[in-house]
Amino acid sequence: MTAKQETGSTAVNTPVIVDGNVYFSAWDGSINAVKIDDVIPLWHANVKDPITTAPAIGNGKIIVGTGRGYIVALEQETGKILWQFETKGGTVTAQPLIAENLVFAGAGHGNVYVLNSDTGKIIFVTGAGSGIESSPAYSDGVFYFGNGRGYVYAVR
């Protein structure tokens, strides 16, 4: 069986599947939640900015990065926008990561932000000297990411 869901956009980011639902974002600023059985749309939200990352899902939230340098949190169940954080640093292209009630996200100007996942308030920021474009990883209290100059960083 093949099913499809119209997005209205020419570019769709990597879908994420959680608990029988597919979540996907698109460059037209939209985020969609679809129930896998029979492709039943659950909700549709728009952050009014091109979404340039795959969604990160955790703690009841969906986190995406945008083309104008925002990190946006939405409620997973309804798509309601909970908070937005402006990086002031170009396109966010690396998928954000959620771990231990924190959001880790890199921006085009090379800064990496650690935010409170409930409020979007900044907890820590560090510079990597070049744009953050790779998917991050997290293990045992350490956040790993790479930059555009070929360096891998570990932040504890």
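Residues numbered from 1 in each chain as written. Predicted model: local features only at pLDDT ≥ 70, side-chain atom pairs only at ≥ 80, totals over all residues. Heavy atoms only, no water.

**Some details on the overall build of the protein chain**
No. 1: Counting its regular elements, the protein chain contains zero helices and 15 strands.
No. 2: Here the C-alpha atoms of the protein chain give a radius of gyration of 15 Å, agreeing with the 15 Å that 2.2 N^0.38 yields for 156 residues.
No. 3: Taken along the three principal axes of its C-alpha coordinates, the protein chain extends 45 × 30 × 30 Å.
No. 4: Of the roughly 7,900 Å² of accessible surface on the protein chain, a fraction of 50% belongs to carbon and sulfur atoms. (Helix = DSSP H or I, 4+ residues; strand = E, 2+ residues; numbered from the N terminus. Rg over C-alpha atoms; globule rule 2.2 N^0.38 Å. Areas by Shrake-Rupley, 256 points an atom, 1.4 Å probe, with all protein chains shown as cover.)

**A look at the nonpolar core**
No. 1: Grouped together as the largest cluster of nonpolar side chains are 13 residues, with contacts concentrated most on Ile63, Ile71, Trp83, Phe85, Val103 and Leu115.
No. 2: Secondary structure elements with two or more residues in this core: strand 7 (70-75), strand 8 (81-86), strand 10 (102-106) and strand 11 (111-116).
No. 3: Every residue in contact with Phe85, bar those within four places of it in the chain, is listed here: Gly69, Tyr70, Ile71, Tyr113, Leu115, Gly120 and Ile122. (Core = buried A, V, L, I, M, F, W, Y, C linked by side-chain atoms within 4.5 Å. Buried < 20%, exposed > 50% of the residue type's maximum accessible area, 1.4 Å probe, protein only. Contact = heavy atoms within 4.5 Å.)

**Quick notes on the packing of aromatic side chains**
No. 1: Under the criterion given, the structure shown has six aromatic pairs.
No. 2: When the ring of Phe104 is compared with that of Tyr138, the centres are 5.4 Å apart and the planes differ by 35 degrees; the resulting orientation is tilted. Placement of the pair is Phe104 in strand 10 and Tyr138 in strand 13 (residues 137-139), with a sequence separation of 34 residues.
No. 3: Judged by centre distance (4.4 Å) and plane angle (20 degrees), the ring pair of Phe104 and Phe143 falls under stacked. You can see Phe104 sitting in strand 10 and its partner Phe143 sitting in strand 14 (residues 142-146), a full 39 residues away along the chain. Pair check on accessibility: Phe104 and Phe143 agree, each one buried.
No. 4: Three or more aromatic residues joined by ring pairs make a cluster, and in this case those are Phe104, Tyr138, Phe143, Phe145 and Tyr153. (Phe/Tyr/Trp six-rings, centres within 6.5 Å; stacked < 30°, edge-to-face > 60°.)

**Concerning empty space enclosed by the protein**
No. 1: The final tally for this structure, using the stated rule, is one cavity of 30 Å³ or more.
No. 2: Approximately 40 Å³ is the volume attributed to the largest cavity.
No. 3: Around the largest cavity sit Ala94, Gln95, Phe104, Ala105, Gly106, Ile132, Ser134, Pro136, Phe143 and Phe145, which together line it.
No. 4: Of all the elements in the fold, those that place two or more residues in the lining of the largest cavity are strand 10 and strand 14. (1 Å grid on protein atoms, 1.4 Å probe; cavity = no way out; pocket = protein on both sides within 12 Å on 5 of 7 lines; lining within 4 Å. Points joined across faces, edges and corners; volume = space filled by probe spheres on them.)

**Focus: unusual backbone geometry**
No. 1: Phi is positive for Lys88, close to 55 degrees, though the residue is something other than glycine.
No. 2: For Lys88, the position within the fold is in the loop between strand 8 and strand 9 (97-99).
No. 3: Using a relative accessible area of 67% as the deciding quantity, one classes Lys88 as exposed.

**Observations concerning the sheet that holds strand 3 (residues 30-35)**
No. 1: Here four strands make up an open sheet; going across it, the order is 1-2-3-4 and the pairing antiparallel. Strand pairing shows two members of the sheet lacking a second neighbour, strand 1 (16-18) and strand 4 (40-46), which therefore form its edges. With direction set aside, neighbouring strand axes in the sheet form an average angle of 20 degrees.
No. 2: Pairing between strand 3 and strand 4: six bridges, direction antiparallel. Paired with Ser30 across the two strands is Asn46, which belongs to strand 4. (Pairing = 2+ DSSP bridges. Axes fitted to C-alpha atoms, helices over the stretch in contact; angles between N-to-C directions.)

**A short note on the sheet that holds strand 15 (residues 152-155)**
No. 1: Taken in spatial order, the three strands of this open sheet run 13-14-15, and their pairing is antiparallel. In the strand order of this sheet, the two ends are held by strand 13 and strand 15, each with one partner. Taking the axes of each pair of neighbouring strands and ignoring which way they run, one obtains an average angle of 20 degrees across the sheet.

Purely geometric numbers; function is a separate question.
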